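# Summary of the model geometry
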Amino acid sequence: MKNFKKFLLGLAALVLILFVPAWLWLKSTAPQYEGTLELAGLQSSVEIVYDDFGVPHIYASNAHDAYFALGYAQTQERLFQMEMIRRATSGRLAEILGEDLLTIDKIMRTLSIRKFALQSAQNSFANASDPFKKQSLAYLEGINSFIDNGTLPVEFTLIGFEPEHFRPEDIYTAIGYMSLSFTAAISLDPMMTGIREELGEDYLRDLALDSLSNAALYHAQDRLLSGLFKPFALQEMLPVPIWEGSNNWVMGKHRSASGKVLLANDTHIAYSQPAVWFEAHLNYPGFEMFGYYLAGIPFALMGHNRHYGWGLTIFPFDNMDLYLEKTKPGNSGQYRHGGEWLDFEVDEQHIPVKDGEDVPFSIRSSIHGPELNPVYTHIAETTDEPVCLWWSLHHIETTALKALYGINNAKNLNDFEQAMKRVDIIGLNVVYGASDDNIAWWAAGKIPVRTPQINTMLMLDGSDTANDFKGFYSFDKNPKRINPPGGFIGTSNNAPIPVDGTIYPGYYFPGYRARRIRELAESHDHWDLGSMRSIQLDVKSDRDLKIRNLVMESVDADALKNQNELYARALDTLAAWDGNYTVESSAATLYTSMLYHILKQTMADELGDERFDKIVSTVPLRSAVERLFFNPQSPWWDDVRTHDEKESREEQLAKGLQLALEDLAQNPGGDLSAWRWGKLHTLTHVHPIGRKEPFDKVFNVGPFPKNGGNEVVDKEAFNYNGHGPYPVISGPAMRLLLDFGSPEKALSILPTGQSGNVMSPHYDDQAQMFVNGEYRTRQLNRADIPVEGVLVLKPGK
């Protein structure tokens, strides 16, 4: 017995010897929230006051030091995220993660975002005398100071590499990363071209993507084009999230209980860990900004101070075209354009691969842009001819960074509008509110000029010069509204009202969220931050209630109920459903399954199961659902496999509902409580390293049962299938509520936490609050900040 006790004591000692040093090392990789650091590059001392959620409040005596401190503070929380954005967008993931990442590297190199970034930095930073350049360089100094002096987070040790210094081109690489939201055309155009060629334009009509609907869009004020094909295939490969959609709105003083302007914003982005946005509060003489910052960009993309604030959504105009090039018979190295045979240009590259040889890679380009066939298999499967990408990113000498500086430093509405004119490669719906009672909205970005005859939702003939890029509209053609009489402006990625007949082809979301927000805003005379929460957290779908009613009116519900007791209870629940996607609702699950099965019953006979599964969760189809269901003459209703009969809409609705009941009865099973939405619709924030076991248990956050759905204000997007689960893919990456009656106490929340460092207490301290619909207070007054620690940065050698 004594020997056994000695063995246990020895084993315990061995565990301590191994564990304690490892734990101490892990703790050393955590961010530092208090103390004093001496850092070369600072001009004066800076105080970083960390609040109880790890948000840095930076107090500096000059702009240089404020942005240096921002760079340092952000890097100690988000360095791995910064590195992943830089490497993913540059096509350099295989270099650290191995050959499995070659596919995404080839895609990103073909999209040429890094090439754009290098050229933009060369153009902008040849002379660094402008304030926005000086502040950007100070921010980079802060990033590199942490790389040189701080302790790298654990991910770098696990993967086995060290980050390089950040340079001006890395800022533009991060800006280019934002533009990935506009890669919809790459996936959508070939798919819709294939449907048109195989089935005819009649089948595109219910998707509002036929030529006639495409042209009619731009001449009807209330018409909403079916929207953005979300690039989920790209998102699944990337270790960083893609911006997808958002909500924002602003209310004038007459709609406010405080008698001052109200502003709200929630940006919708694929969920990930760490969270996309980093919050920071900057102060130096003559300047204050409490902003949301993207990793690697020095200026806030959304934010506010005591005088004005703004929020963003994507303005998804089409800034991409796909050209089907005609190669010369007998010489595939040439293509036809405007009556001439031109040579393809070829860019020879080598992709470094961890633990392997460099992989040679060629990018072939026409006058329109890079060829996509070699890296997008769905395009290669569509045609043998080269498909080349025209993207405005490749044709603009960007002023995006200067625009962000102007937004952050505006003194009044006119200053802010001048900054809007410089937004170019990314389409942004920007709402603005101010303490002087002004409210405004601009749909900003450089919009390509196209003729109405061109259907940009389809691939274009590259040999016809009439299809070529014609230039960009001047900013006065961009939609905007300033101080409208109704005192309300809101956007949810919906199509804007044209200005003077200007054409805005785009991948717009349907107007359901925008319409619901306006409807709620009109339901109440005077709003405050408490009541504004109810709008941001709303999960009711009027569209789905209309479709539920149509189905219930079209089927013999009694016959279905007579089949068994489970069906009877389920149908009673569906009939009583109020359209809210709450975690307790089993009706939301039955409706979702029913919608999937009706669509599959209706469309898979034409498309095939594989193509149907690819299109069913895209926004064009989701946007077209109501249009399809309420068109009994649509050709989609007929099953083309039954040649001797023509199926009706009512038959397909009945079959779909029957299949949904059968599917759910098998899985999740015969207990209706197992059908509850929260058991199937769950949110997990996945870290790039947490995609593999056992690291998921350490780095991922969740799962959480989650309210919300696809076409509601609190859009918690998921992919359709017959019986779940329905894991949440994307949703609000932040929420902001601001009342200029008390701008020093705005409300905010992030989906997980401020830190991307797993050893930080702020890695996931907001996660449950976010799921619960709670908010934190953003304190502008230093005396009101709940202080966790103060980190002093002093000039060093």
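A quick note: this is a predicted structure, and the numbers were derived from the prediction, not measured.

### Comments concerning the overall build of the chain
Along its length, the chain carries 27 helices and 28 strands. In the chain, which comprises 797 residues, the share counted as buried stands at 62%. In the chain, the proportion of contacts linking residues at least 24 apart, taken out of those at least 6 apart, comes to 72%. Surface exposure of the chain reaches about 29,400 Å², of which carbon and sulfur atoms provide 51%.

### Observations regarding the packing of aromatic side chains
Applying the stated criterion to the full structure yields 35 aromatic pairs. When the centroid spacing of 6.0 Å and the interplanar angle of 75° are considered together, the rings of Tyr-308 and Phe-416 count as edge-to-face. With Tyr-308 in strand β9 (residues 308–314) and Phe-416 in helix α15 (residues 413–420), this pair connects stretches of sequence that are 108 residues apart. Considering the side-chain rings of Phe-315 and Tyr-504, the 6.5 Å spacing of their centres and the 70° angle between planes classify their relative orientation as edge-to-face. On the criterion of sequence distance, the pair formed by Phe-315 in the loop between β9 and β10 (320–324) and Tyr-504 in the loop between β21 (488–491) and α16 (512–522) is long-range, its members being 189 residues apart. The burial state of Phe-315 is the same as that of Tyr-504; both residues are buried. One aromatic cluster in this structure is built from Trp-577, Tyr-581, Tyr-591, Trp-677, Phe-718, Tyr-720 and Tyr-726. The side chain of Arg-86 reaches across the aromatic face of Phe-166, ending 3.6 Å from its centre. Taking NZ or CZ as reference, Arg-513 lies 5.1 Å from the ring centre of Phe-509, over its face.

### Focus: the pairing of β10
Burial analysis of β10 places four of its five residues in the buried class, the great majority of the element. Examined bridge by bridge, β10 and strand β16 (residues 387–391) share five bridges and lie antiparallel to one another. Bridge pairing in β16 links Leu-322 to Leu-389.

### What about empty space enclosed by the protein?
Evaluated as defined, the whole model comprises ten cavities of 30 Å³ or more. In this structure, the largest cavity spans a volume of roughly 120 Å³. Along the walls of the largest cavity sit 13 residues, with Ala-400, Leu-404, Val-423, Ile-426 and Leu-428 positioned nearest its centre. Every element with two or more residues in the lining of the largest cavity is listed here: α8 (168–178) and α14 (400–408). Counting residues per element, the lining of the largest cavity draws most heavily on α14, at four residues.

### Details of α15
Within α15, the full set of buried residues consists of Leu-413, Phe-416, Glu-417, Ala-419 and Met-420. For α15, the buried positions fall inside an angular range of 155° around the axis, keeping them on one side. The inward-facing, buried residues of α15 contact β9, α14, β17 (428–434), β18 (439–444) and β20 (480–482).

### What about the sheet that holds strand β12 (residues 331–337)?
Read from one edge to the other, the open sheet built from three strands follows the order β11-β12-β13, with strand pairing classed as antiparallel. Each edge of the open sheet is held by one strand with a lone partner, namely β11 (327–328) and β13 (340–343).

### A closer look at the pattern of salt bridges
Under the criterion given, the structure shown has 37 salt bridges. Across the salt bridge formed by Glu-95 and Arg-92, the nearest N and O atoms sit 2.9 Å from each other. Judged by its relative accessible area of 28%, Glu-95 falls in the partly exposed class. The partner of Asp-714 in a salt bridge is Lys-706, with the nearest N and O atoms 3.4 Å apart. The exposure classification of Asp-714 matches that of Lys-706, with both residues buried. In the salt-bridge network here, residues are joined through shared partners; they are Glu-83, Arg-86, Arg-87, Arg-92, Glu-95, Arg-114, Glu-164 and Asp-170.

### Description of the nonpolar core
Counting residues in each nonpolar core, the largest one holds 151 residues, and the members touching the most others are Trp-277 and Phe-416. The leading source of residues in this core is helix α2 (residues 63–90), at 14 residues. Contacts of Phe-416, omitting those with residues within four sequence positions, involve Tyr-308, Trp-310, Ile-407, Ala-410, Val-430, Tyr-432 and Trp-442. Residues Leu-545, Ile-598, Leu-672 and Leu-680 belong to the second largest nonpolar core, which totals 51 residues.

### Looking at the confidence of the model for the chain
When the pLDDT values of the chain are averaged, the result is 90; 89% of them are 70 or greater. With pLDDT under 50 throughout, residues 209–233 is counted as low confidence; its partners more than four residues away or in other chains account for 85 contacts.

### So, the environment of Lys-421
One can find Lys-421 in the loop between α15 and β17. Accessibility expressed as a relative area gives 40% for Lys-421, which makes it partly exposed. Expressed as a C-alpha distance, the spacing of Lys-421 and Gly-445, which sit 24 residues apart in the sequence, is 7.6 Å.

### A closer look at α8
By the criterion of burial, α8 is predominantly enclosed, with eleven of the eleven residues buried. What α8 keeps buried is the set Pro-168, Glu-169, Asp-170, Ile-171, Tyr-172, Thr-173, Ala-174, Ile-175, Gly-176, Tyr-177 and Met-178.

### A look at the packing of α2 against α8
Two elements in contact, α2 and α8, have axes whose closest approach is 9 Å; the angle formed by their N-to-C orientations is 75°. One finds that α2 runs roughly perpendicular with respect to α8. Where α2 approaches α8, its residues Ile-85, Arg-86, Thr-89 and Ser-90 are matched on the opposing element by Asp-170, Thr-173, Ala-174, Gly-176 and Tyr-177.

What counts, and where the lines are drawn
- Residues numbered from 1 in each chain as written.
- Predicted model: local features only at pLDDT ≥ 70, side-chain atom pairs only at ≥ 80, totals over all residues.
- Heavy atoms only, no water.
- Helix = DSSP H or I, 4+ residues; strand = E, 2+ residues; numbered from the N terminus.
- Buried < 20%, exposed > 50% of the residue type's maximum accessible area, 1.4 Å probe, protein only.
- Contact = heavy atoms within 4.5 Å.
- Areas by Shrake-Rupley, 256 points an atom, 1.4 Å probe, with all protein chains shown as cover.
- Phe/Tyr/Trp six-rings, centres within 6.5 Å; stacked < 30°, edge-to-face > 60°.
- Lys NZ or Arg CZ within 6 Å of the ring centre and 35° of its normal.
- Pairing = 2+ DSSP bridges.
- 1 Å grid on protein atoms, 1.4 Å probe; cavity = no way out; pocket = protein on both sides within 12 Å on 5 of 7 lines; lining within 4 Å.
- Points joined across faces, edges and corners; volume = space filled by probe spheres on them.
- Arc of directions from axis to C-beta.
- Salt bridge = Lys/Arg side-chain N within 4 Å of Asp/Glu carboxyl O.
- Core = buried A, V, L, I, M, F, W, Y, C linked by side-chain atoms within 4.5 Å.
- pLDDT = per-residue confidence, 0-100.
- Axes fitted to C-alpha atoms, helices over the stretch in contact; angles between N-to-C directions.
- Parallel < 35°, antiparallel > 145°, perpendicular 65-115°, else oblique.

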